[in-house]
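Observations on chain architecture
Spelled out, the chains give:
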Amino acid sequence: MAEHSPAACFDDHCITCGDEGIAMQVVAVDEVRGLALCEEPEGARSTIEIGLVDAAPGDRLLVHAGTALVRLESA
Amino acid sequence: MRYVDEFRDADLGRALAGEILATVESGRHYKVMEVCGGHTHSIYKYGVDDLLPENVELVHGPGCPVCVIPMGRVDDGIAIAHEPGVIFTCFGDMMRVPGSEGTLMEAKARGADIRMVYSPLDALRLAKENPDREVVFFAIGFETTAPSTALTLRRAKAEGVSNFSCVCNHVTIVPPLRALLESPDLRLDGFIGPGHVSTVVGARPFQFIPADHGKPVVVAGFEPLDILQAIHMILLQLRDGRCEVENQYKRVVPWEGNLKALEVMSEVFELRPHFEWRGLGFISQSALRLSDDYADLDAEQRFSAPGVRVADPKACQCGEVLKGVIKPWECKVFGTACTPEHAIGTCMVSPEGACAAYYNYGRFARERAVV
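A quick note: this is a predicted structure, and the numbers were derived from the prediction, not measured.

**Quick notes on the overall build of chain B**
Helix and strand counts for chain B stand at 14 helices and 13 strands. Here the C-alpha radius of gyration of chain B, 21 Å, is about what a compact globule of 371 residues would show, namely 21 Å. The burial tally for chain B puts 62% of its 371 residues in the buried class. If you take every contact in chain B between residues at least 6 apart in sequence, the share linking residues at least 24 apart comes to 77%. When the accessible surface of chain B is summed, it comes to about 14300 Å², and 50% of that surface belongs to carbon and sulfur atoms. Between the centroid of the 38 positive side chains of chain B and the centroid of its 49 negative side chains there is a distance of 1 Å.

**Considering the overall build of chain A**
Tallying secondary structure elements over chain A gives zero helices and five strands in all. When the helices and strands of chain A are placed in sequence order, the string is β-β-β-β-β. Expressed as a percentage of its 75 residues, the buried residues of chain A come to 53%. Of all intrachain contacts in chain A linking residues separated by at least 6 positions in sequence, the fraction that spans at least 24 positions is 36%.

**Looking at the nonpolar core**
Residue and element names in this part refer to chain B. Phe88, Met94, Leu153, Phe164, Leu177, Phe191 and Phe269 are the most contacted members of the largest nonpolar core, which totals 111 residues. Excluding residues within four positions of it along the chain, Phe88 makes contact with Gly77, Ile80, Ala81, Leu104, Asp113, Ile114, Arg115, Val136 and Phe138. The next biggest cluster of nonpolar side chains, apart from the first, holds 23 residues, and it includes Leu58, Leu225, Ala230 and Leu238.

**Examining the confidence of the model for chain A**
Counting all residues, the mean pLDDT for chain A is 78, and 71% of those residues have values of 70 or more. A low-confidence stretch, residues 15–19 of chain A (pLDDT under 50), is modelled with 29 contacts involving residues beyond four sequence positions or located in other chains.

Parameters and conventions
Residues numbered from 1 in each chain as written. Chains lettered and ligands numbered in written order. Predicted model: local features only at pLDDT ≥ 70, side-chain atom pairs only at ≥ 80, totals over all residues. Heavy atoms only, no water. Helix = DSSP H or I, 4+ residues; strand = E, 2+ residues; numbered from the N terminus. Rg over C-alpha atoms; globule rule 2.2 N^0.38 Å. Buried < 20%, exposed > 50% of the residue type's maximum accessible area, 1.4 Å probe, protein only. Contact = heavy atoms within 4.5 Å. Areas by Shrake-Rupley, 256 points an atom, 1.4 Å probe, with all protein chains shown as cover. Lys, Arg positive; Asp, Glu negative; His and termini not counted. Charge placed at Lys NZ, Arg CZ, Asp CG, Glu CD. Core = buried A, V, L, I, M, F, W, Y, C linked by side-chain atoms within 4.5 Å. pLDDT = per-residue confidence, 0-100.

Rendered as structure tokens:
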């Protein structure tokens with residue numbers, strides 16, 4: 001499983017600091033802990049906080065600093 | 001990729017540029033501020049400004065959180081990072097922001113245990129894995145990252161993680177816009193509103209701009225066609241004599257924002273009476289600190305930090321760049337003493353800073369134009 005590299009902050013865009021988030025797809029949901037395993041379009045996976053949205057596997061979420069802010073329309 | 005490729009379509013972009021050209025009045029100069037650093041980055045990356053008529057000027061706003069953090073706060077972070085037993089965590093860009101005696105990256109090289117994290121949740125995980133250490137998270141950002149910090153602090157409190165704390169530098173988007181609008185330096189015709197901040201706060205908070213200042217606002221996405229369409233919508237409002245908040249980014253931004261995010265933020269944070277913004281000075285009620293219920297997790301109470309205000313280097317003109325008074329290339333040290341590799345000013349640090357974005361993309365087009 002490809003893990004997200006924090007070093008990406010030095011590349012083209014800093015997804016944590018700026019206003020722009022990234023779209024990720026939900027792979028699996030841990031409802032007890034309020035977390036989800038999510039995948040970026042390039043395949044990197046991260047554990048994402050989903051306390052602010054209703055999320056199910058297959059959903060696309062806009063993620064900022066490890067937290068999903070909004071559920072996007074399904075692809 | 002759906003929702004991306006169609007917003008980068010060159011033919012549609014050229015068509016929109018034609019509509020913009022047909023909308024503007026010759027002889028009138030239009031100044032439109034993109035509030036958010038993400039928009040600045042996209043504008044330079046995709047050459048959006050090259051598609052605009054000469055009398056439509058884009059002015060870069062203060063919406064890059066790294067760019068507005070004052071040097072004294074960086075010094076405070078470095079002081080805490082040097083405390084015995086501390087693991088100091090922060091986002092990537094923060095590592096390179098200069099304080100009065102260097103950056104967090106340089107403090108790390110001198111021996112402080114400073115680690116880059118992708119999210120505050122990663123910092124909390126570090127605290128659980130290192131119960132004999134104090135893990136401090138240096139929180140930064142607008143309302144996009146503040147909910148993430150708030151949820152993590154709520155989680156730390158619920159799970160009783162006592163060796164975790166937070167230096168809160170979160171800022172809010174509306175007060176600096178008020179300050180800019182009241183500044184005599186700047187005459188603006190309209191605003192491209194921040195896209196992802198608005199997923200949290202909604203579009204409603206920007207209504208004071210048309211209501212009190214008579215300027216249109218269009219909340220926009222980050223793809224080149226999003227930005228072109230937002231500019232066109234602003235110009236149409238100006239042409240038609242309308243003045244309102246419009247939402248170009250409806251596919252992502254709900255008008256009311258994310259109520260759960262606003263609720264957790266109001267539980268965990270409270271407004272600071274005032275906070276210093278780099279280049280903009282002190283702005284009242286423009287930043288967040290931990291509420292009394294979360295005081296136990298406040299690193300500023302747990303550790304002693306200098307808390308000293310530090311003036312920016314004299315050569316640095318980030319303040320004027322952040323207020324849109326000068327363009328990045330008009331700064332005396334742009335591209336010479338100040339580069340992304342050796343930044344003097346914060347605007348050159350983050351990829352979303354106006355100077356770094358222009359340095360990485362725009363300067364080549366300008367050099368070609370000069371030649």
